[in-house]
Amino acid sequence: MSEEYENKSGYQAQSSETISGSSSGITPDMDYVRPAENAEQDLYHPHSFIEKWVFCQDAKVIGVQYFLTAVFTGVVGLILSWLMRLQLGFPGLAGFITAEHYYQFVTMHGMIMVVYFLTALFLGGFGNYLIPLMVGARDMVFPYVNMLSFWMFFVAVAVLMASFFVPGGPTGAGWTLYPPQTILEGTPGHGYGILLMLISLALFVIGFTMGGLNYMITILQARTRGMTLMRMPLTVWGIFTATVLAMLAFPALLVSSIMMTLDKLLGTSFFMPTILKAGEVLEYGGGSPILFQHLFWFFGHPEVYIVALPAFGIVSDLISVHARKNIFGYRMMVWAIVGIGALSFFVWAHHMYVSGMNPWFGFFFASTTLIIAVPTAMKVYNWILTLWRGNIRINTVMLWCLGFIVTFVNGGITGIFLGNVSVDVPLSDTYFVVAHFHMVMGIAPLMVIMGAIYHWFPLVAGKMLNENLGKWHFWTTFLGAYSIYFPMHYLGFIGVPRRYYEMYDSPYMTSGVGLNEFISTAAFIVGAAQLILVFNIIKTMKTGKKAGQNPWKANSLEWFTSTVPPEHGNFGDRLPVVHRWPYDFNVPGAEEDYLPQTAAPSEVAHTEVEKT
Amino acid sequence: MEETKKKEQSGSTHKIGIYLWIWGLLFVLSFFSYLVDWYQFQGMLRWSLILFFMFLKAGLIMAFFMHLYWERYALVNVLLWPMTAIVCFVALMIAEGKYTLFSRLFYFFVGG
Amino acid sequence: MSDPKIEGFELEKGFRGMAKDTGSDQTMFKGVHWGKAMMWIFLLSDTFVFSCFLIAYMKGRASTPAEWPNPSEVFALDAFGVPVPLLLIALMTFVLITSSGTMALAVKYGYERNRKMCGYLILATALGGLTFVGMQAYEWSKLIHEGVRPWENPFGAAQFGSFFFMITGFHGTHVSIGVIFLFIYCYKVFAGHYEEGKRGWFTKMKGDYVEVEILGLYWHFVDLVWVFIFAFFYLW
Ligand code: HEM
Ligand SMILES: [Cu+2]
């Protein structure tokens, strides 16, 4: 059965039948794992500094490159949000912020945060670093393409940032870029700004496609022996499903940016209706603005889950490890991720209830939107049931996870409000929507990112981040973020519209004045509080204590590399063999409170482990 | 390395006849769809014939030239299920297109 | 193309086989080369790109109040003094299907390690692709000559020109990229790179005839898209 791999100098000793400890030769070997299907991956080792750190083909380095570039864009987005809050909380205090600037800040902030920060960070950063490690591969399947993917992203970011410096400045059309105003005079950045934005988005899509193919094929075709799909950590499931969504949703974005570029440059009228401007008919005519909205949200809603699903996956793993308990309902969690992913292609027009689309669509999209809340709620129950009677360690990582659950539930509930047409109509385009999506796709995933940084920093850098500083970081961020977004629900109820530069003497302003000052102050504090993390990292790199192998006593493969931090090729000269899911914590009868995925059944025969 | 079962050198290849058959069929079907225009069929008949020949041709290319017929079901399903999203998109955009035209004409003639 | 002999995973048709493959470890698509799986997924993504283009075209055409030109007349060509509807398009379809056939055979001969046949067939495919691009250039210049522009056209709705140039242009770009790769692969086949497993220029990965099949998938896809464009743009 297994002659071909069996006696190769001790390779795969666990998997041959002859090892079986049973007295008669008849019982099948309980540790048997099928022989390898894939040839050993042929890795190209770097020969120079440039090949090692710049045009590097190692997914881990690429992951860090993605991470740092995304964080850079995130900082730009954060600064823009400060400027906006400065204007909203204390109008006129910073005289240089004109209404045009304000629109540009809103637009760039939104686009950067959603696409260039969160998407790139989760898929490019965590995806690259963790996928090969967690599924037991030596690297991504196409390392060269992976390298190109990062550099394409880098160019996309450069083009985006360049738009700050062109005549007219960046586009101020809102991150949804709705035509016709996007490319018409009167909108800031309707010349070069919007062009650079569209080019940058197209480059991002191309670059992401290269990366996404890698993530998908690595997960589908390059898992190690014994790693079935249903033994993968939920992190991998989340990133995988998000990648699938991205591969199918980004085309709509690409197409709409191409069409809008043509409208802008060649004067086609894909999205441009007949327009009367100051009594004069423009050259455009006959196009359909609502078509753009459909294309945009056919991308846009899945994009929301591209950000959310990796966060779901990662937080599940973090909760399980730090509550020392198996994840409750693993299969349900997987199916919920997949189900949410599939459904997310059928809900897009819930962003368009007030757009003037076919009024019958409201029925369809309200129903699908509410249906998608079911698997989402199941996930929340499962996180809570995982915590239930767990051996919870209230460390920094766990705090971030709890923070995630709270903010996500909060944002999810307001999502149900907005999913119903009749409730959405008065609320849409108010601060209630702003509060909703910041809770659910801003703060909640950010909490997970922070938790993930504290969790995996010991793996990437080999040192433990300081816990005290971590707790300070958490509490200021969490309480601060809540102070920012919770009052916004109220502002929405009293009717304050979003994307407004100033309220002047409107009734909104008078009743919201104190609140706006409060929100802005909280925003400055939260932003500044992130410096605690920077300080923590610097301090840890200098004086932090060594992490050693597997400091959290986790089960998944990334902690079982030959060295910490892992080197090129990840696992030394033999790949690990997987015998179980990654959630065997506190198994009765086991010496330790965890069983690594690599522990063979014969090693744990004396325990009461149920799943292998 | 050695631990691998030696990778299949190649998939089993198929008889040349099958490719020639499909090739021929594609020409014939293209010719038929051309005839739809030649005889100027109109209305439902035209549209259903166009779609019929189109899907047949597409199916033949995918199934035989792209070997999907011989691939395992897992791959086939992964490739075909996402098309439901496209089908839904198409269906809704048909409704939306009609509605946009309706509202344009309505507000043009009746007034806002 | 694969009927791999993998222990415990003999080809099993239907959903049972799928469930078994999906539930197994290591690979989901049993015996499918990484590169080939990648090309399939890429093509799926590209299908969404073209679908979005065509959906946009459908929505645009359905909601424009202006008259949509009759493609049968716009794309007619004079043969011996008589206007024949869609003549050029029919020829282009003919050429593209021909090249798809030669590509299919090239893949077959590649797997049979018949270097000569494989190389010549790829060459034929590349020349077919080149002819197609040439004919498309002719078609474009003819329309431009008649006054059709992306932003206007003398026959009716301006969107006709916009969608025509955009969609055929995007498809033509795909064909052109394919042609470039076909020439490169043609060289590689004749030079025997796939037989010796010579490493790629950039990727440093070992060459194999499976690459011909991967390129073949792309080429058939380009043909497939043309089937849809032919039906929806020229015939509808
Ligand atoms: C319980 C599930 C959810 C429901 C029912 C829901 C529903 C909605 C609805 C109906 C809107 C449109 C509001 C309007 O324009 O008036 C909206 C907006 C938004 N949602 Fe959600 N959502 C859910 C989950 C999420 C998640 C998980 C994210 C992100 C991770 C998210 C991010 C957003 C964003 C960014 C917007 C703003 C769109 C804009 O610019 O108008 N939502 N949501
Ligand atoms: Cu949505």
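Residue numbering note: each chain is counted from 1, following its sequence as written. Labels are handed out in written order, letters beginning with A for the chains and numbers beginning with 1 for the ligands. In keeping with the model being predicted, local features are shown solely for residues with a pLDDT of at least 70 and side-chain atom pairs are shown and tallied solely at 80 or more, while totals for entire chains, interfaces and linings include all residues. Only hydrogens and water are set aside when side-chain values are computed; all heavy atoms of the structure are taken into account.

A word on the overall build of chain A
In terms of helices and strands, chain A carries 15 helices and two strands. Its C-alpha atoms put chain A at 95 × 55 × 50 Å along the principal axes. Throughout this description, buried means an accessible area under 20% of the type-specific maximum (1.4 Å probe, protein chains only), exposed means over 50%, and partly exposed covers the range between. Per-residue burial for chain A yields a buried fraction of 63% across its 612 residues. Residue contacts are defined here by distance: any two heavy atoms, one from each residue, within 4.5 Å place the two residues in contact. Taking contacts inside chain A between residues at least 6 apart in sequence as the whole, the part at least 24 apart equals 77%. Accessible surface is estimated by sampling points in the Shrake-Rupley manner with a 1.4 Å probe; for residues, cover comes only from the protein chains shown. Total accessible area computed for chain A in this model is approximately 22,300 Å², and 68% of it derives from carbon and sulfur atoms. Each charge class in chain A can be summarised by its mean position, and for the 29 positive and 35 negative side chains these summaries are 7 Å apart. Put simply, DSSP H or I for four residues or longer makes a helix, DSSP E for two residues or longer makes a strand, and each gets a number counted from the N terminus. Neither His nor the chain ends is counted toward charge; the positive residues are Lys and Arg and the negative residues Asp and Glu. Lys charges are placed at NZ, Arg charges at CZ, Asp charges at CG and Glu charges at CD.

Considerations on the overall build of chain C
When helices and strands are tallied, chain C shows eight helices and two strands. Each helix (α) and strand (β) of chain C, taken in turn from the N terminus, gives the series α-α-α-β-β-α-α-α-α-α. Principal-axis analysis of the C-alpha atoms gives chain C an extent of 65 × 40 × 30 Å. Sorting the 236 residues of chain C into buried and exposed places 62% on the buried side. Here chain C has roughly 8,600 Å² of accessible surface; of this, 67% comes from carbon and sulfur atoms. Of the side-chain charges in chain C, 19 are positive and 20 negative, and the distance between the mean point of each set is 7 Å.

Examining empty space enclosed by the protein
Residue and element names in this part refer to chain A. Computed over the protein atoms alone on a 1 Å grid, cavities are sets of points where a 1.4 Å probe fits but cannot get out and pockets are open sets with protein on both sides within 12 Å along at least five of seven lines; a residue lines them when it has an atom within 4 Å of a point. Grid points are joined across faces, edges and corners, and a volume is the space filled by probe spheres set on the points. Considering all chains together, one arrives at eight cavities of 30 Å³ or more under this definition. Empty space within the second largest cavity amounts to approximately 60 Å³. Residue lining of the second largest cavity: M134, P233, D317, V321, H455, W456, S556, E558, W559, P582, Y583 and F585, and that is the complete set. Elements with a contribution of two residues or more to the lining of the second largest cavity: α8 (289–322) and α13 (431–461).

Topic: the interface of chain C and chain B
Note: interface size is frequently given as the accessible area lost on complex formation between the parts. Each partner contributes to the interface: chain C provides 71 residues, whereas chain B provides 60 residues. Note on definitions: buried area is the accessible-area loss of two parts on being combined, 1.4 Å probe, summed for both. Buried surface at the junction of chain C and chain B, both sides included, amounts to about 5,800 Å², of which 73% is carbon and sulfur. For salt bridges, the criterion is a side-chain nitrogen of Lys or Arg within 4 Å of an Asp or Glu carboxyl oxygen. The closest approach of N and O atoms between E71(B) and K36(C), which form a salt bridge, is 2.8 Å. Polar contact is the term for a pair of N or O atoms within 3.5 Å; when the atoms are in protein, one must be able to donate a hydrogen and the other to accept it, and sequence-neighboring residues count only if both atoms are side-chain atoms. Here chain C is connected to chain B by 10 residue pairs in polar contact (both at pLDDT 80 or more). Breaking the side of chain C that touches chain B down by element, the ones donating at least two residues are α1 (14–23), α2 (34–63), α4 (87–111) and α8 (210–235) of chain C. Ranked by residues supplied to the side of chain C that touches chain B, first place goes to α4(C) with 15 residues. A breakdown of the residues in the side of chain C that touches chain B according to their chemical character gives 40 nonpolar, 16 polar and 15 charged. In this classification, Asp, Glu, Lys and Arg are treated as charged, Ala, Val, Leu, Ile, Met, Phe, Trp, Tyr, Cys and Pro as nonpolar, and every other residue, Gly included, as polar.

Remarks on the site of ligand 1
All names here are of chain A. Not every one of the 21 residues close to ligand 1 is listed here, only the nearest: V304, D424, S428, H436 and M441. One nitrogen or oxygen atom from the side chain of W175 is found 3.5 Å from an oxygen atom belonging to ligand 1. Take D424: an N or O atom from its side chain is 2.5 Å from an oxygen atom of ligand 1. Here the shell around ligand 1 is built from residues that sort into 11 nonpolar, eight polar and two charged. Think of it this way: one heavy atom of a residue within 4 Å of a molecule or strand is enough to make that residue near it.

Structural notes on the coordination of the copper ion (ligand 2)
Residues and elements named next belong to chain A. The donor set comprises N, O and S atoms within 2.8 Å of the metal, extended to 3.2 Å for Na, K and Ca; water molecules are omitted, so apparent gaps in a site may simply reflect that omission. Looking at the copper ion (ligand 2), one finds its protein donor set to be H301 (ND1), H350 (NE2) and H351 (NE2), positioned 1.7 to 1.9 Å from the metal centre. Taken in sequence order, the residues that donate to the copper ion (ligand 2) follow the motif H-x48-H-H. In this structure, the copper ion (ligand 2) lies 4.8 Å from the iron atom of ligand 1. Classification of H351 by relative accessible area gives partly exposed; the value is 30%.

Points about the domain arrangement of chain A
All names here are of chain A. Per the domain assignment, the segments making up chain A are domain 1 (50–232), domain 2 (394–547) and domain 3 (551–612). A straight line from the C-alpha centre of domain 1 to that of domain 3 covers 35 Å. At the junction of the two partners, domain 1 supplies 17 residues and domain 3 supplies 23 residues. Approximately 1,500 Å² of surface area, both sides summed, lies buried where domain 1 meets domain 3, with 53% of it carried by carbon and sulfur atoms. Taken as a group, L133, R138 and R231 account for 45% of the area that domain 1 buries against domain 3, more than any other trio of residues on that side. Note that the domain bounds were set by an automatic or database domain assignment.

Observations regarding the pattern of salt bridges
Residue and element names in this part refer to chain A. Inspection of the entire model under this criterion finds 18 salt bridges over all chains. Between R138 and E40 there is a salt bridge, and its shortest N-O distance comes to 2.3 Å. Taken together, the residues R138 in the loop between α4 (99–135) and α5 (143–162) and E40 in the loop between α1 (3–6) and α2 (49–54) connect sequence positions 98 residues apart. R138 gets classed as buried once you look at its relative accessible area, which sits at 6%.

Quick look at the nonpolar core
Here, nonpolar core refers to any group of buried Ala, Val, Leu, Ile, Met, Phe, Trp, Tyr and Cys residues whose side-chain atoms link them within 4.5 Å. Counting 308 residues, the largest nonpolar core has M259(A) and W348(A) as its most contacted members. A total of 23 residues in this core trace back to one element, the largest contributor, which is α4(A). Each residue touching M259(A), except ones within four places of it in the same chain, is listed here: T268(A), F270(A), F271(A), L291(A), L295(A), F53(C), A56(C), F163(C) and M166(C). The next biggest cluster of nonpolar side chains, apart from the first, holds six residues, and it includes L595(A), A599(A), V604(A) and V609(A).

Comments concerning the confidence of the model for chain C
Residue and element names in this part refer to chain C. Per-residue confidence from the predictor is reported as pLDDT, which spans 0 to 100. Across chain C, pLDDT averages 88, with 95% of residues at or above 70. Mean pLDDT values over the elements of chain C span from 75, in strand β1 (residues 77–79), up to 95, in α2. Model confidence for the complex is summarised by a pTM of 0.92, with the ipTM given as 0.93.

Thoughts on helix α5 (residues 115–145) of chain C
Given a rise of 1.5 Å per residue, 31 residues ought to cover 45 Å, and the 45 Å separating the end C-alpha atoms of α5(C) matches this to within 8%. Backbone geometry just after α5(C) places G147(C) at a positive phi near 100 degrees. By definition here, a helix of n residues has an expected span of 1.5 Å times n minus one.

Examining the interface of chain A and chain C
Each partner contributes to the interface: chain A provides 51 residues, whereas chain C provides 42 residues. Contact with chain C buries area across many residues of chain A, yet R34(A), E37(A) and Q221(A) alone supply 15% of it, more than any other trio. Our enumeration of links across chain A and chain C arrives at three salt bridges. If you look at where chain A meets chain C, you find 20 residue pairs in polar contact (both at pLDDT 80 or more). Listed by contribution, the elements that provide at least two residues to the side of chain A that touches chain C are α5, α6 (192–221), α7 (234–265) and α8 of chain A. Tallied by class, residues from the side of chain A that touches chain C come to 32 nonpolar, 14 polar and five charged.

Structural notes on the coordination of the iron atom of ligand 1
Exactly one donor from the protein chain reaches the iron atom of ligand 1: H436(A) (NE2), at 2.4 Å. Assignment of secondary structure puts H436(A) in helix α13.

Brief notes about the packing of aromatic side chains
To pair, rings of Phe, Tyr and Trp, with the six-membered ring standing in for Trp, must have centres within 6.5 Å; the planes then decide the type, stacked if under 30 degrees apart, edge-to-face if over 60, and tilted in the middle. Following the criterion strictly, the structure yields 92 aromatic pairs over all chains and no others. Aromatic pair W175(A) and W297(A): ring centres 6.0 Å apart, planes at 90 degrees, arrangement edge-to-face. Note that W175(A) is positioned in the loop between α5 and α6 and W297(A) in helix α8, a separation of 122 residues in sequence. By relative accessible area, which is 7% here, W297(A) ends up buried. Taken together, a centroid distance of 5.9 Å and an interplanar angle of 65 degrees make the contact between F233(C) and Y234(C) edge-to-face. Side by side, F233(C) and Y234(C) carry an identical accessibility label, which is buried.

Thoughts on a nonpolar patch on the surface
All names here are of chain A. Only residues whose relative accessible area exceeds 30% and that take part in no salt bridge are eligible for patches, with like-charged residues grouped when within 9 Å of each other and nonpolar side chains (Val, Leu, Ile, Met, Phe, Trp, Tyr) grouped when within 5 Å. A surface patch of nonpolar side chains, about 540 Å² in accessible area, is lined by L370, V409, I413, I416, F417, V423 and F493. If one sorts the elements of the nonpolar patch by residue count, helix α11 (residues 396–419) sits on top with four residues. Locating V409 in the fold gives a position in helix α11.

Observations concerning the packing of helix α10 (residues 361–387) of chain A against helix α4 (residues 83–109) of chain B
The relative placement of two packed helices comes down to the angle between their axes together with the axis-to-axis distance. Every angle, taken between N-to-C directions, lies between 0 and 180 degrees, and every axis is a line fitted to C-alpha atoms, over only the stretch in contact when it is a helix. The interhelical angle for the contact between α10(A) and α4(B), taken along N-to-C directions, is 150 degrees, at an axis separation of 12 Å. Between α10(A) and α4(B), the interaxial angle falls into the category roughly antiparallel. In this structure, α10(A) contributes F361(A), F364(A) and F365(A) to the contact, and α4(B) contributes C88(B), L92(B), A95(B) and E96(B). Looking at the contact of α10(A) with α4(B) residue by residue, the class counts come to six nonpolar, no polar and one charged. Under this scheme an angle from 65 to 115 degrees is roughly perpendicular, one under 35 degrees roughly parallel, and one over 145 degrees roughly antiparallel; angles in between are oblique.

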